[in-house]
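# Structure at a glance
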Amino acid sequence: MDPAISTAPEATTQTAIQSPTLQSSESQWWRQAAVYQIYPRSFADANGDGLGDLPGVTSRMGYLTELGIDAVWLSPFYPSALADGGYDVDDYRNVDPRLGTLEDFDAMVTATHASGIKVIADVVPNHSSNRHAWFTAALAAAPGSPERARYHFFDGLGENGELPPSDWPSHFGGPAWTRVIESAGPNAGAPGQWYLHLFASEQPDLNWDNPEVREDFHTTLRFWSDRGVDGFRIDVAHALVKDMSLPLRSKPSLEILVDDGTDVLFDRDEVHEIYAGWRSVLNEYDPPRTAVAEAWVPFTHRRLRYAQPTGLGQAFNFDLLQAPFEATAFRDIVTRCLAEAQASGASSTWVFSNHDVVRHASRYGLPDGTDQAGLEAWLLSGGSTPAVDPERGLRRARAATAFMLGLPGSAYLYQGEELGLFEVADLPAGSLQDPTWFRTGNKVKGRDGCRVPLPWDPTGAGFGFGGAPWLPQPAWFAEHSAAAQAGVPGSTLEFYRAALALRRTLQTGESLSWLSEPGAALTHYTRPNGWGVLANFGTEVQELPAGIDPAKIVLSSGAPVAQSTGPTRVPGETTFWIAP
Ligand code: GLC
């Protein structure tokens, strides 16, 4: 561990956390951007087939502009059999015909740019789908062939190769190996080699030791950059390089990682050679294309390696997402992450929800202390046990969001959180599509509950989504629809719009100062330009600290504030923004 970044100083009152000054140049737009994640199949369905599509995104440009985001990140829209919601890619340089055409993509980029919004595409380099031309060729070829060398094909253990080559489990349940029936070579027609898939069996892992694989992803980065994409989100960025030397090392759990780069499967030091190569490609463009790593690496100093300027530039920071709604936890994470980001020259990122986790309005409405196992049990009970307090969940979600949107760095938002959507925990079993549900023998429900198509209108088929949605929407979506909230003071949508508009003024230098002591009833920080954020994580109402002019409170995560007088007290589980 590098001592320079492992000893982040404890925050003290009035201590400014210095980070590199925001370079306001166009090429640095991403350092403090508000990025809105679109899950294309669930956003808007223009052709009425029940699957969201790219023309659907284009048709909602007015909504995105009014929301006030800086960029959209689109989850995969590539041809896919949807074994894993599009993260099983058949062809990296095309559009799923159900979602549109390359021309539709170009039209979407043009409309997005015309609205002053950047476009980030999702790259899935760890695995292709089993329908990718390379994998089809690998199956048709014999063991030892160049076609097989693009993936990880191994002979099995046991007398007749009947056992998987190692004990590695897959992320979605079951083993990470599947045996094939050979179609070429001396064993044609018989069970033969095994291939590696850290996710579903339809997602064979690519062999990143193969120069052809490396070169092909450069081609993909250029392909989308040439079409105007401004940046990339890199799926499972920490898994590409693996120790495949024989005998394969044991790793019975994927959850436990070491922090020294020697794990068999994840976060190995050599992976950064790949991203240095990507940086060279991304820097061929003006402005250079940006990139953000999805790397569930629990050690900040390791995660930041992905974010170095010679690498991808940013990495998702899931620490707040995994933290309880609690002042000390939030403050400690912010202090540590900003200090470590400063040490590495990266800008910090923050996120509460995405397409892989239970929506934060639901998480915060569950009893305190509910952990991942508790969340899974809750989903399995159809959202009934334990009971969620939806008002509290949404109140705390909004307070957390206001706290986060005021922080230095980039904020990643997930479609529907601006509508205050909860997890749809009671999806009927017959509608579930997440491979986790199938690969665990229906023991883990998976992520469909945060992927239900968005409600745009309070009435009508699909609540204005388009055709009959591919996942059923609950009746309560009506009151959460965009049209039901637009223009309604105090609605979650108007709260997000107000916060994102103010954020443009607030986000200048990449630093903050804590004005409250750790453990104080109110958590208070300011930004270099004088903007202040005051959060009450507790349930008791608190008096406004002396020295704060109530008339300067311009945003509340709770009920809107009356601008003429301003509030003199801070309600429980509420965040205020204070203008300079
Ligand atoms: C990432 C994606 C997730 C997907 C997985 C495999 O974690 O966010 O949705 O299932 O990678 O591609």
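Quantities reported herein were computed from a predicted structural model and do not represent experimental measurements.

About the cut-offs
Residues numbered from 1 in each chain as written. Predicted model: local features only at pLDDT ≥ 70, side-chain atom pairs only at ≥ 80, totals over all residues. Heavy atoms only, no water. Salt bridge = Lys/Arg side-chain N within 4 Å of Asp/Glu carboxyl O. Helix = DSSP H or I, 4+ residues; strand = E, 2+ residues; numbered from the N terminus. Buried < 20%, exposed > 50% of the residue type's maximum accessible area, 1.4 Å probe, protein only. Phe/Tyr/Trp six-rings, centres within 6.5 Å; stacked < 30°, edge-to-face > 60°. Lys NZ or Arg CZ within 6 Å of the ring centre and 35° of its normal. Domains from an automatic or database assignment. Contact = heavy atoms within 4.5 Å. Buried area = accessible area lost by both parts, 1.4 Å probe. Polar contact = N/O pair within 3.5 Å; in protein donor to acceptor, adjacent residues only side chain to side chain. Nonpolar A, V, L, I, M, F, W, Y, C, P; charged D, E, K, R; others polar. Axes fitted to C-alpha atoms, helices over the stretch in contact; angles between N-to-C directions. Left-handed = near helix turned anticlockwise from the far one by under 90°. Pairing = 2+ DSSP bridges. Near = heavy atom within 4 Å. Areas by Shrake-Rupley, 256 points an atom, 1.4 Å probe, with all protein chains shown as cover. Core = buried A, V, L, I, M, F, W, Y, C linked by side-chain atoms within 4.5 Å.

### Thoughts on the pattern of salt bridges
- Summed over all chains, the structure comprises 33 salt bridges.
- For Arg 305, the salt bridge goes to Asp 269, with nearest N and O atoms at 3.3 Å. A residue pair is termed long-range when its members are at least 10 positions apart, and Arg 305 in helix 8 (residues 300-306) and Asp 269 in the loop between strand 8 (231-234) and helix 7 (271-282) qualify at 36 residues.
- Arg 396 is paired through a salt bridge with Glu 573; the nearest N and O atoms lie 3.7 Å apart. Of this pair, Arg 396 sits in helix 13 (residues 390-405) while Glu 573 sits in the loop between strand 18 (569-570) and strand 19 (574-578), and the two are 177 residues apart along the sequence. The two residues Arg 396 and Glu 573 agree in class, both being buried.
- One continuous salt-bridge network, built from bridges that share partners, spans Asp 84, Asp 356, Asp 434, Arg 447 and Arg 451.

### Comments concerning the packing of aromatic side chains
- The tally for this structure, following the rule as stated, stands at 41 aromatic pairs.
- On the numbers, 5.8 Å between centres and 50° between planes, the contact of Tyr 78 with Trp 224 is tilted. A residue pair is termed long-range when its members are at least 10 positions apart, and Tyr 78 in the loop between strand 3 (71-74) and helix 4 (102-114) and Trp 224 in helix 6 (residues 211-226) qualify at 146 residues.
- Given a relative accessible area of 2%, Tyr 78 falls into the buried group.
- Ring geometry for Phe 325 against Phe 537: centres 4.9 Å apart, planes inclined by 50°, an arrangement best described as tilted. Taken together, the residues span a long stretch of sequence, with Phe 325 in the loop between helix 9 (319-322) and helix 10 (327-344) and Phe 537 in the loop between strand 15 (532-536) and strand 16 (542-543) at a distance of 212 residues.
- An aromatic cluster is present here, built from Phe 325, Phe 330, Phe 352, Tyr 364, Phe 403, Trp 514, Tyr 525 and Phe 537 joined pairwise through their rings.
- Seen from the ring of Trp 456, Arg 60 lies directly overhead, with NZ or CZ sitting 4.0 Å from the centre.
- Across from the ring centre of Tyr 364, 5.8 Å away, lies the NZ or CZ of Arg 363, which sits over that ring.

### Some remarks on the domain arrangement of the chain
- Per the domain assignment, the segments making up the chain are domain 1 (26-126 + 211-492) and domain 2 (133-196).
- For domain 1 versus domain 2, the distance between C-alpha centres works out to 31 Å.
- On the domain 2 side, the residues contacting the 24 residues of domain 1 number 18 residues.
- Contact with domain 2 buries area across many residues of domain 1, yet Met 244, Leu 254 and Arg 439 alone supply 34% of it, more than any other trio.
- Connecting domain 1 to domain 2 are one salt bridge.
- Here domain 1 is connected to domain 2 by seven residue pairs in polar contact (both at pLDDT 80 or more).
- For the side of domain 1 that touches domain 2, the secondary structure elements donating two or more residues are helix 6 and helix 14 (435-439).
- Within the side of domain 1 that touches domain 2, the residues separate by chemical class into ten nonpolar, four polar and ten charged.

### Here's the deal with the environment of Asp 371
- As for its position among the elements, Asp 371 is in the loop between helix 11 (360-363) and helix 12 (372-380).
- It is 9.8 Å that separates the C-alpha atoms of Asp 371 and Ala 323, two residues lying 48 residues apart in sequence.

### Some remarks on the packing of helix 6 against helix 7
- Following both chains from N to C, one finds helix 6 and helix 7 inclined at 35°, their axes separated by 10 Å at the closest point. For the pair helix 6 and helix 7, the sense of crossing is right-handed. Contact with helix 6, carried on its side by Arg 214, Phe 217, His 218, Leu 221 and Arg 222, involves Glu 273, Ile 274, Gly 277, Trp 278, Val 281 and Leu 282 of helix 7 and no other residues of that element.
- Its residues assigned to classes, the contact of helix 6 with helix 7 shows six nonpolar, two polar and three charged.

### Topic: the sheet that holds strand 5 (residues 153-154)
- Strands sit in the order 5-7-6 across an open sheet of three strands; the sheet is antiparallel. Of all strands in the sheet, those bounded by a partner on one side alone are strand 5 and strand 6 (177-181).
- With four bridges connecting them, strand 6 and strand 7 (residues 191-196) associate as antiparallel partners. Among the inter-strand pairings, Thr 178 is bridged to a residue of strand 7, identified as Tyr 195.

### Re the sheet that holds strand 12 (residues 410-414)
- The eight strands are arranged 10-9-8-4-3-2-12-11 in an open sheet whose pairing can be described as parallel. For this open sheet the edge positions go to strand 10 (313-315) and strand 11 (349-351), each flanked by a neighbour on one side alone. Neighbouring strand axes in the sheet, compared pairwise and without regard to direction, differ in orientation by 25° on average.
- In the sheet, strand 11 pairs with strand 12 via three bridges, with the strands oriented parallel. Residue pairing across strands places Val 351 opposite Tyr 412, the latter belonging to strand 12.
- In the packing of helix 7 onto the sheet, the strands contacted are strand 4 (118-123), strand 8, strand 9 (290-293) and strand 10, and the crossing angle to strand 9 comes to about 155°.

### Overview of the site of the ligand
- Taken together, 14 residues lie near the ligand, and Asp 84, Asp 235, Glu 294, His 355 and Asp 356 sit nearest.
- In this structure, Glu 294 approaches the ligand through a side-chain N or O atom, which is 2.7 Å from an oxygen atom.
- At 2.9 Å from an oxygen atom of the ligand is found a side-chain nitrogen or oxygen belonging to His 355.
- Relative to its unbound accessible surface of 310 Å², the ligand loses 95% to contact with the protein.
- Each residue belonging to the shell around the ligand can be placed in one class, and the counts come to four nonpolar, three polar and seven charged.

### Thoughts on the nonpolar core
- Ranked by size, the top nonpolar core spans 136 residues in total, and within it Tyr 36, Leu 64, Phe 77, Tyr 275, Trp 278 and Phe 403 carry the most contacts.
- Of all the elements, helix 13 adds the most residues to this core, at eight residues.
- Two domains share this core, each providing at least three of its residues, namely domain 1 (26-126 + 211-492) and domain 2 (133-196).
- Not counting chain neighbours up to four residues away, the residues in contact with Trp 278 comprise Val 123, Pro 125, Trp 208, Phe 217, His 218, Leu 221, Ile 234 and Leu 312.
- Membership of the second largest hydrophobic core comes to 19 residues, among which are Leu 196, Val 236, Leu 254 and Phe 266.

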